[in-house]
Structure formats: C-alpha cells, structure tokens
Amino acid sequence: MSPKDLENLQHEVASLAKRQGDLEDVVLEVMERREAAQERVTELTGRVESVQAKVNDALSRRDAATVVIDDEVATVTKEREVVAASIPADLIKLYDKLRAQSGGVGAARLYQRRCEGCQLELNITEVNEVRAAAADAVVRCENCRRILVRTPESGL
Ligand SMILES: [Zn+2]
C-alpha cells in the first residue's frame, strides 16, 4: 500500500466514523421523539376516555330525563283531557285556535291590569269593559287577542 493509499484509507475511516457518530445521534434523537410521542398518545388516550365517560354520563342523564318528561307529558295530557271535557265546546275551540296562533298560549292571567300573555297593561277603557263584563263572559286582550283569565289580583 502506498503512503497515498494509506492516507486515503485513513481519511475514509475517519469519515465513516464521523458518519457513524452522526447516525447514532439521529437514532438517539428519533428514539427520544418516539418516547415523547408515546407519552402524548397515552395522555391523549386518557383524555379521550375521560371525555367519553362524560359523554356517556350526559347521555344516560338525558335518557333518564326523557323518561321523566314523557311521563309528565302523558300525565298532563290526561289532566288536560279531563279539564277540557268540563269546558264548553265552543270555548275550547276558541282556546285551541288562539293557542295555535299565539305560540302555544291561548289564555293568560289578567294580573294588576296587565295581560300576562303579551305583558301589556290594559288602558282604562279596556279595564272598564272587562269590569262591566259578566263573570262568565269570555274577555279577550285587545292587544294579543288571548282569553283573559280574571282573578282577585286582576286589579279590576
Ligand atoms: Zn295580551
């Protein structure tokens, strides 16, 4: 081997040793990143499980509430049928019509001269008309047209 060849060979060996060192650094860095990624996966998996448990809890509470609400709807519907049977048919018909037109509220309490359906206070003329109406007359709010339910707190 010529001195030139030997020099080349030593140079190549040094170069390969440096390359090996560089590659070992890369492997080390990749392993560290892999470990960090694995920790993140574990953390996120835990969070997903925690959120899923909360979702499951909310769903079961919703389902339980739905059962209670359905029972209440059935009870109230039966009660309404009983009450409706005791009210004159033409009044029920008017009430149902107003209810459909007025967002589900066909009748409202008259409280301290204010219609609790539209929240407007009756003017003095309207108050006098309601005051003059027979106790069993159907009186309506001039503003929202709902049936006004008179009570001792109506302010008449
Ligand atoms: Zn009204």
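Bear in mind that the values here come from a model prediction, so they are computed numbers and not experimental data. (Residues numbered from 1 in each chain as written. Predicted model: local features only at pLDDT ≥ 70, side-chain atom pairs only at ≥ 80, totals over all residues. Heavy atoms only, no water.)

### Here's the deal with the layout of surface pockets
Computed from the structure, the largest pocket encloses a volume of approximately 190 Å³. Forming the walls of the largest pocket are Glu79, Arg80, Val83, Ala84, Ile87, Leu91, Ile92, Tyr95, Ala107, Val138 and Ile147. Contributing elements (two or more residues each) for the lining of the largest pocket: helix H1 (3-85) and helix H2 (89-101). With four residues, the single largest contributor to the lining of the largest pocket is H1. Among the residues forming the lining of the largest pocket, the class breakdown is nine nonpolar, no polar and two charged. Three or more residues apiece are contributed to the lining of the largest pocket by two domains, here domain 1 (1-86) and domain 2 (88-154). (1 Å grid on protein atoms, 1.4 Å probe; cavity = no way out; pocket = protein on both sides within 12 Å on 5 of 7 lines; lining within 4 Å. Points joined across faces, edges and corners; volume = space filled by probe spheres on them. Helix = DSSP H or I, 4+ residues; strand = E, 2+ residues; numbered from the N terminus. Nonpolar A, V, L, I, M, F, W, Y, C, P; charged D, E, K, R; others polar. Domains from an automatic or database assignment.)

### Observations regarding the pairing of strand S4 (residues 147-150)
In this structure, strand S1 (residues 107-111) lies alongside S4, joined through four bridges in parallel fashion. Opposite alanine 108, over in S4, you have leucine 148 as the bridge partner. Of the strand pairs in this sheet, strand S3 (residues 139-140) and S4 are connected by two bridges, and their pairing is antiparallel. Residue pairing across strands places valine 139 opposite leucine 148, the latter belonging to S4. Linkage of S3 to S4, two consecutive antiparallel strands, is achieved through a turn of six residues, within which arginine 145 is found at a positive phi near 70°. (Pairing = 2+ DSSP bridges.)

### Things to note about the UniProt feature "domain: C4-type zinc ribbon" (unreviewed entry) in the protein
Residues annotated in UniProt with the feature "domain: C4-type zinc ribbon" (unreviewed entry) correspond here to residues 114-148. Summarising residues 114-148: 26% helix, 17% strand, and an end-to-end C-alpha distance of 10 Å. (UniProt positions renumbered as here; feature names shortened; annotations may be inferred.)

### Structural notes on the UniProt feature "domain: CT398-like coiled coil hairpin" (unreviewed entry) in the protein
The residues that UniProt annotates with the feature "domain: CT398-like coiled coil hairpin" (unreviewed entry) are residues 2-103. Within the segment residues 2-103, helix and strand shares are 94% and 0% respectively, and the terminal C-alpha atoms sit 104 Å apart.

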